[in-house]
Amino acid sequence: MAAAWQSRAEAVLPGGVSSNVRLTAPRTCFARGSGARLWDVDGHEYVDYLLGQGPAFLGHGHPAVTKAVADAANNGMVFGAQHTLEIEAAEALIEAVGWAEQVRFGVSGTESDQGVLRLARAITGRRSIIRFTGSYHGWLDNVLIDYQSGPKAPASAGQSEEGLSEWIMLPFNDEAAITDAFAQHKADIAAVIVEPVMCNNGVIPAAPGFLDLLRSLCTQNDSLLIFDEVITGFRLARGGAAEYYNVTPDLAVYGKAVAGGWPVSAIAGSKSVMNDIAVGKVNHSGTFNGSTMAAAAVMATQKILREEPPYARIAQHSTTLKAGLTEIADRYGLPLTIQGVDAAFHLGIPKDPGNSSPASCYEQLDALDLSRYARLTHKFAEEGLWVAGRGVWYVSAAHNASDAAKALEAFEAVVSREMS
């Protein structure tokens, strides 16, 4: 049955998928998901630590979220005007993050990233923006970079190179580099945009004091500090990285976990920073922004995170899971590195078994055999374990002890064969 569905997919979807990220994933066709489990069209069950690339932070099909979305849709979807749920959702989101005064809703993290970059340039009248090698800020021409080919190398055929010219690319966690960049380009820097944890490449957390330094340099230079929290938002803490690291940005972008898996993104900032959008000087538009379904999903998700915070449970689960993975790898002689945070961590296989130091920047990921790990994920899928080929494991509020046990069983089955 799966082969038949795959054939149908390849006939109507380019490459058989709707996102190029899925081109190298195991060609599994799923029929449904619930909690932390997935079932394919042949009835095979998987424990899921990919979570749809992160959004299913509450698990798949959380009943409170799905009911809220259905109830909202029954009363209309988009009105071309404000509605009560949109306002309430904005209030809930502002209360959760704790530092922002206003938000603008969108649909995807990519588009909201575009909004903050435009807004930062409009406010400062400057063009250059600092970002960090290995970070991901969407797939559009002016942000997508092939880091292996160069600091400003297009990552796609047909991509305009001109859009990449205004970036100042720096190594993540390099205090000397960021300090020097401000000294050299002070009058040109509109903003610094940073993933507080570089989840797409290595799940590399900001080093102690690094975000504080960014905050200080931006303040001194009248530049804006932008947190790209599409992944870290609500996953590190209810208040996101701003709460987790106790550093307040000028602007932030949220997505993925903000609405329990529903496609919602948001730009957050103070009233003064958001004013250029408010008065129409900066264009931020979208027919589906703040739809009734999106607003209902945000409200339901934020209510759950406020009343039933899952963070201690996630930390315990993550600790147990990482300890089990490490024990199995050690027992079979598989070199393994694990780094990251409780709700998202990275597994890597070092090329040199004697070098298991965690990476502090993208450049240090060269020490890992990324292709070997990616190949193993296809074998994990055969054992009922669904994870990302690039090494990140996401832990959700829905994961429990039986999920960890199944994951470890699958991991051991593959590793025992790999090392035999």
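Refer to the structure presented above.
Residues numbered from 1 in each chain as written. Predicted model: local features only at pLDDT ≥ 70, side-chain atom pairs only at ≥ 80, totals over all residues. Heavy atoms only, no water.

Asks: Which parts of the structure should I look at to understand helix α2 (residues 63-73)?
Replies: Residue pairs spaced three or four apart in an α-helix point in one direction, given the helix's 3.6 residues per turn. Turning to α2, its buried residues number three or more, namely Val65, Val69 and Ala72. Buried residues in α2, looked at end-on, bunch into an arc of 70°, giving them a common side. Along α2, the residues that are exposed and aim more than 90 degrees away from the buried face are Pro63 and Lys67. Those residues of α2 that are buried are in contact with α3 (84-97) and α9 (292-307). (Buried < 20%, exposed > 50% of the residue type's maximum accessible area, 1.4 Å probe, protein only. Helix = DSSP H or I, 4+ residues; strand = E, 2+ residues; numbered from the N terminus. Arc of directions from axis to C-beta. Contact = heavy atoms within 4.5 Å.)

Asks: Sorry, what's going on with the side chain of Ser265 here?
Replies: Residue position: Ser265 is located in strand β12 (residues 265-269). Looking at Ser265, the relative accessible area reads 0%, which means it is buried. For Ser265, the side chain forms a polar contact with the main-chain nitrogen of Val107, separated by 3.3 Å. Side-chain polar atoms of Ser265 contact the backbone oxygen of Ser108, separated by 2.8 Å. Each residue touching Ser265, except ones within four places of it in the same chain, is listed here: Arg104, Phe105, Gly106, Val107, Ser108, Gly109, Glu111, Ser112, Tyr254 and Gly255. (Polar contact = N/O pair within 3.5 Å; in protein donor to acceptor, adjacent residues only side chain to side chain.)

Asks: Looking at this structure, I do not really get a nonpolar patch on the surface. What am I missing?
Replies: On the surface, Met77, Val78 and Phe288 cluster together into a nonpolar patch covering about 310 Å² of accessible area. Within the secondary structure, Val78 is located in the loop between α2 and α3. Given a relative accessible area of 39%, Val78 falls into the partly exposed group. (Patch = residues over 30% accessible without salt bridge, like charges linked within 9 Å, V, L, I, M, F, W, Y side chains within 5 Å. Areas by Shrake-Rupley, 256 points an atom, 1.4 Å probe, with all protein chains shown as cover. Salt bridge = Lys/Arg side-chain N within 4 Å of Asp/Glu carboxyl O.)

Asks: What is the right way to look at unusual backbone geometry in this model?
Replies: Backbone phi values are negative for most residues with the exception of glycine, while trans is the configuration of most peptide bonds. The phi dihedral of Asn173 is positive, around 70°, even though this residue is not glycine. Among the structural elements, Asn173 can be located in the loop between β6 (167-170) and α5 (175-185). Located in the positive-phi region is Asn246, a residue other than glycine, with phi close to 55°. Relative to the assigned elements, Asn246 resides in the loop between α7 (240-245) and β11 (251-254). Given the relative accessible area of 68%, Asn246 is considered exposed.

Asks: What is the right way to look at the packing of aromatic side chains in this model?
Replies: For any two aromatic rings, the description comes down to two numbers: the centre-to-centre distance and the angle of the planes. This model, assessed by the stated rule, comprises 14 aromatic pairs. Judged by centre distance (5.3 Å) and plane angle (85°), the rings of Phe30 and Tyr46 are edge-to-face. Residue Phe30 is found in strand β1 (residues 30-34), and its partner Tyr46 is found in strand β3 (residues 45-48); the two are separated by 16 residues along the sequence. For Tyr46, a relative accessible area of 6% gives the class buried. By way of ring pairs, the aromatic residues Phe30, Tyr46 and Trp386 are connected into one cluster. Residue placement shows Arg32 over the ring face of Trp39; its charged tip is 3.9 Å from the ring centre. If you follow Arg131 out to its NZ or CZ, it ends over the ring of Trp167, 4.6 Å from the centre. (Phe/Tyr/Trp six-rings, centres within 6.5 Å; stacked < 30°, edge-to-face > 60°. Lys NZ or Arg CZ within 6 Å of the ring centre and 35° of its normal.)

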